[in-house]
Amino acid sequence: MGMVSLLTASSLAPLLCTLFLTLTSATFSDDTPTAYEVLQDYDFPVGIIPKGVTGYKLNKETGEFSAYLSQTCKFPIESYELEYKSTIRGVISKDKITNLQGVQVKVLFFWLNIVEVVRDGDELQFSVGLLSANFPIDNFFECPQCGCGLNCDKLRSSLVSYS
């Protein structure tokens, strides 16, 4: 009872994400870190990209990267809708992603490109050019899933209750 009772919903989500990342890293050679591990090397949480990255390229000298998903991925997060194209590009350095391409956020009726992500302590700042928004970093410890974002368990349980 001791170990099981210590697990809460908030501690279970990161555990499941870690398990998922461990299982998907089997598709890479043992020496090659996953895209999620590379994010952590640059001080970013894994949840800034959705589950399902199929591969990536990284130039360690320039920081230029490309990450690949099997398809375009959309999902809601809080009051926003996000879209990740099947190829995401940018330049990554410690606590900063610039020249970001392939990630959009819907604000009111408009889709805006997220062009920069900066980590400042316990916050992430997402910039769409002249405008930016800050969010607590702990919002990004869990990897969102295409289609349902972070609400997949709620959607599954509501579907089961209607069956």
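So, here is what we can say about the structure in this document. (Residues numbered from 1 in each chain as written. Predicted model: local features only at pLDDT ≥ 70, side-chain atom pairs only at ≥ 80, totals over all residues. Heavy atoms only, no water.)

Brief notes about the overall build of the protein chain
Next, step 1: Counting its secondary structure elements, the protein chain contains 4 helices and 9 strands.
Next, step 2: The secondary structure elements of the protein chain, listed N-terminal to C-terminal, are α-α-α-β-β-β-β-β-β-β-β-β-α.
Next, step 3: Counting over 163 residues, the protein chain shows a buried share of 32%.
Next, step 4: Across the protein chain, every contact between residues at least 6 apart in sequence was considered, and the portion connecting residues at least 24 apart equals 37%.
Next, step 5: Carbon and sulfur atoms form 57% of the exposed surface of the protein chain, whose accessible area is close to 10,300 Å². (Helix = DSSP H or I, 4+ residues; strand = E, 2+ residues; numbered from the N terminus. Buried < 20%, exposed > 50% of the residue type's maximum accessible area, 1.4 Å probe, protein only. Contact = heavy atoms within 4.5 Å. Areas by Shrake-Rupley, 256 points an atom, 1.4 Å probe, with all protein chains shown as cover.)

Some details on the pairing of strand E1 (residues 53–58)
Next, step 1: In this structure, E1 lies alongside strand E2 (residues 64–69), joined through 5 bridges in antiparallel fashion. Bridged to leucine 58 within E2 is phenylalanine 65.
Next, step 2: In textbook terms, the turn of a hairpin is the stretch between consecutive antiparallel strands, and for E1 and E2 this stretch comprises 5 residues, one of which, glycine 63, has a positive phi near 85°. (Pairing = 2+ DSSP bridges.)

Some points on the side chain of serine 127
Next, step 1: Looking at where serine 127 falls in the secondary structure, it is placed in strand E8 (residues 123–127).
Next, step 2: For serine 127, a relative accessible area of 8% gives the class buried.
Next, step 3: Not counting residues up to four positions away in its chain, the partners in contact with serine 127 are Asn113, Ile114, Val115, Glu116 and Ser132.

Thoughts on the state of the cysteines
Next, step 1: Going through the model one piece at a time under the given rule, you end up with 2 disulfides.
Next, step 2: Residue cysteine 73 pairs covalently with cysteine 146 via a disulfide, S to S 1.9 Å. The sign of the -120° torsion about the S-S bond sets the cysteine 73-cysteine 146 disulfide as left-handed. Remark: cysteine 146 occurs in the loop between strand E9 (132–136) and helix H4 (152–162) and cysteine 73 occurs in strand E3 (residues 73–77); sequence separation between them is 73 residues.
Next, step 3: The exposure class assigned to cysteine 146 is partly exposed, which follows from its relative accessible area of 30%.
Next, step 4: The residue that forms a disulfide with cysteine 148 is cysteine 152, at a sulfur-sulfur distance of 1.8 Å. Here the S-S torsion is close to 80°, and the disulfide linking cysteine 148 with cysteine 152 is therefore right-handed. Cysteine 152 carries the same exposure label as cysteine 148, and that label is buried.
Next, step 5: Sequence-ordered numbering of the bonded cysteines in the protein chain gives a pairing of 1-2, 3-4. (Disulfide = S-S within 2.5 Å.)

Observations concerning the packing of aromatic side chains
Next, step 1: Per the stated rule, a full pass over the model turns up 4 aromatic pairs.
Next, step 2: Seen from their ring centres, phenylalanine 75 and tyrosine 84 are 5.7 Å apart, and the 15° between their planes marks the pair as stacked. In this structure, phenylalanine 75 and tyrosine 84 share a single accessibility class: buried.
Next, step 3: Geometrically, the ring pair formed by tyrosine 80 and phenylalanine 135 is edge-to-face, given 6.1 Å between the ring centres and 90° between the ring planes. With tyrosine 80 in strand E4 (residues 80–93) and phenylalanine 135 in strand E9, the pair connects residues that are 55 residues apart, well separated along the chain.
Next, step 4: Grouped by ring-pair contacts, the aromatic residues Tyr80, Phe126, Phe135 and Phe140 constitute a single cluster. (Phe/Tyr/Trp six-rings, centres within 6.5 Å; stacked < 30°, edge-to-face > 60°.)

Observations regarding the environment of lysine 74
Next, step 1: Along the polypeptide, lysine 74 turns up in strand E3.
Next, step 2: For the pair lysine 74 and proline 50, spaced 24 residues apart in sequence, the C-alpha separation works out to 9.4 Å.
Next, step 3: Those residues in contact with lysine 74 that sit more than four places away from it in its chain are Glu81, Leu82, Glu83, Trp111, Cys146 and Gly147.
Next, step 4: Engagement of the side chain of lysine 74 in a polar contact is seen with the side chain of glutamate 83, the distance being 3.5 Å. (Polar contact = N/O pair within 3.5 Å; in protein donor to acceptor, adjacent residues only side chain to side chain.)

Let's talk about the pattern of salt bridges
Any two side chains of opposite charge can pair, so long as their charged atoms come close to each other.
Next, step 1: Enumeration over the complete set of coordinates arrives at 3 salt bridges.
Next, step 2: Across the pair aspartate 43 and arginine 119 runs a salt bridge whose closest N-O atoms are separated by 3.1 Å. Here arginine 119 lies in strand E7 (residues 116–120) and aspartate 43 lies in the loop between helix H3 (35–41) and E1, a separation of 76 residues in the sequence.
Next, step 3: The salt bridge partner of lysine 74 is glutamate 83, with a shortest N-O separation of 3.5 Å. (Salt bridge = Lys/Arg side-chain N within 4 Å of Asp/Glu carboxyl O.)

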